[in-house]
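Chain by chain, the residues run as shown.
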Amino acid sequence: MPVKVLVTSVIQKVVDNQRAFTSEGRTIGELISNIDSRYPGFREQLADEQGVLHRFVNIYLNDEDIRYLKGADTELTDGDEVSILPALAGGA
Amino acid sequence: MPRIPSSVIEAMVSHAHQDLPNEACGMVHARDGVAFEAIRVKNDAASPFRYEMNPLQMLKLDRRREDEGESLFAIYHSHVASEAYPSPTDVRMAFWPPGEIDNEPMFPETYYVLVSLKYDPPAVRAFHIRMGGVIEEEPIEVVD
């Protein structure tokens, strides 16, 4: 399933400074594995050693937060757009 | 030195007031390096002590910058009762993964602007957060 991937901020560094590129996978989890094969170190930007996504990483499938879909098991179809954004947060 | 139009400063201060009692947050966009607009982003944390920018709005602003040739000049947020100075949480969250201060910061070229409502008139100050968690103030020049 070819999908368009968009990444922001520092995550662009591990994908050769690209903002957008094409990859594939049947699910979000598989997509992350495939991107990690091509760009080693990609997965550790998003998840811990057990594969659990960081609390502060946001992944959107066509503008829907995957936390409200099926998380890493969310299925992908041709032409989907997956966006990966580190949170922007702070506090007093 | 960050040159910021008075209209942008006023927009950030006005946003900070309107979102009381919670912290307000947003982005300042630039065109050809010149700051021209403060854009409000929803604080999903809805807290007087924390902010977390709504990711979908962040995504839409990222697309806008790409489409319109704009850049991210500053990330701003308010402190409702503390100084206009990055807190330890602000510094930790300027790195990815959070707290990895020996990495390059997430937005090395972008100013972090703090609006403090502790004072009247409010204090507005700009900073760079550097590798190692070093905070460097960048005095704002207000322009028309």
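These numbers come from a predicted model, not from an experiment. (Residues numbered from 1 in each chain as written. Chains lettered and ligands numbered in written order. Predicted model: local features only at pLDDT ≥ 70, side-chain atom pairs only at ≥ 80, totals over all residues. Heavy atoms only, no water.)

Undergrad: Honestly, the overall build of chain A in this entry has me stumped. Any pointers?
TA: If you tally the helices and strands in chain A, you get two helices and six strands. Counting helices and strands in the order they occur from the N terminus, chain A gives β-β-α-α-β-β-β-β. What you see for chain A is a C-alpha radius of gyration of 12 Å, in line with the 12 Å of a compact globule of 92 residues. Projected onto the principal axes, the alpha-carbon positions of chain A cover approximately 45 × 30 × 25 Å. Across the 92 residues of chain A, 50% fall into the buried class. A sequence separation of at least 24 residues applies to 48% of the contacts in chain A between residues at least 6 apart. Accessible surface computed for chain A: about 4500 Å², of which carbon and sulfur atoms make up 45%. (Helix = DSSP H or I, 4+ residues; strand = E, 2+ residues; numbered from the N terminus. Rg over C-alpha atoms; globule rule 2.2 N^0.38 Å. Buried < 20%, exposed > 50% of the residue type's maximum accessible area, 1.4 Å probe, protein only. Contact = heavy atoms within 4.5 Å. Areas by Shrake-Rupley, 256 points an atom, 1.4 Å probe, with all protein chains shown as cover.)

Undergrad: For this particular structure, what's the right way to read the side chain of Gln45(A)?
TA: Along the chain, the position of Gln45(A) falls in helix H2 (residues 42-46). With residues near it in sequence (within four places) discarded, Gln45(A) still touches Ile11(A), Val14(A), His54(A) and Trp96(B).

Undergrad: Could you clarify how one ought to interpret the pairing of strand E7 (residues 123-130) of chain B in this entry?
TA: Looking down a regular strand, the side chains alternate between one sheet face and the other. All names here are of chain B. As judged from the five bridges shared by strand E6 (residues 111-116) and E7, these two strands associate in the antiparallel manner. Residue pairing for E7: Leu114 is matched across the bridge by Arg125. Between the end of E6 and the start of E7, which pair antiparallel, lie six residues. (Pairing = 2+ DSSP bridges.)

Undergrad: For this particular structure, what's the right way to read the interface of chain B and chain A?
TA: By a frequent convention, interface size equals the accessible area lost on bringing the separate parts together. If you look at the interface, chain B gives 30 residues, while chain A gives 25 residues. Interface area, chain B with chain A, both sides summed: about 2600 Å², of which 60% is carbon and sulfur. Taken together, chain B and chain A are joined by six salt bridges. Residue Arg19(A) is joined to Glu66(B) by a salt bridge in which the shortest nitrogen-to-oxygen separation is 3.5 Å. Those elements giving two or more residues to the side of chain B that touches chain A turn out to be strand E4 (50-52), helix H2 (55-68), strand E5 (70-79) and helix H3 (88-92) of chain B. Counting residues per element, the side of chain B that touches chain A draws most heavily on H2(B), at eight residues. Along the lines of polarity and charge, the residues of the side of chain B that touches chain A split into 17 nonpolar, four polar and nine charged. (Buried area = accessible area lost by both parts, 1.4 Å probe. Salt bridge = Lys/Arg side-chain N within 4 Å of Asp/Glu carboxyl O. Nonpolar A, V, L, I, M, F, W, Y, C, P; charged D, E, K, R; others polar.)

Undergrad: Even after reading the chapter, I still don't get the side chain of Glu23(B), so can you show me in this structure?
TA: Turning to its location among the elements, Glu23(B) is positioned in the loop between helix H1 (6-18) and strand E2 (25-31). No salt bridge is formed by the buried Glu23(B). Its closest oppositely charged neighbour is Arg50(B), at 8.4 Å. A polar contact of 3.0 Å, which involves the side chain of Glu23(B), links it to the backbone nitrogen of Ala92(A). When near neighbours in sequence (up to four residues on either side) are disregarded, Glu23(B) contacts Gly91(A), Ala92(A), Asn43(B), Ser47(B), Pro48(B), Phe49(B), Arg50(B), Tyr51(B), His77(B), Ser78(B), His79(B) and Val80(B). (Lys, Arg positive; Asp, Glu negative; His and termini not counted. Polar contact = N/O pair within 3.5 Å; in protein donor to acceptor, adjacent residues only side chain to side chain.)

Undergrad: How do you make sense of H2(B) when you look at a structure like this?
TA: Residues spaced three or four apart along an α-helix face the same direction, because each turn holds 3.6 residues. Residue and element names in this part refer to chain B. The terminal C-alpha atoms of H2 lie 20 Å apart, and with 14 residues this matches the ideal 20 Å at 1.5 Å per residue to within 8%. For H2, the full list of buried residues reads Pro55, Met58, Leu59, Leu61, Asp62 and Arg65. Looking down the long axis of H2, one finds its buried residues gathered within 165° of arc, a one-sided arrangement. In H2, those exposed residues whose orientation departs by more than 90 degrees from the buried face are Asp67 and Glu68. At the N-terminal end of H2, a side-chain oxygen is found 3.1 Å from the backbone nitrogen of Leu56, two or three residues along, and the residue is Asn54. At the exit of H2 stands Gly69, carrying a positive phi of roughly 70°. (Expected span 1.5 Å × (residues − 1). Arc of directions from axis to C-beta.)

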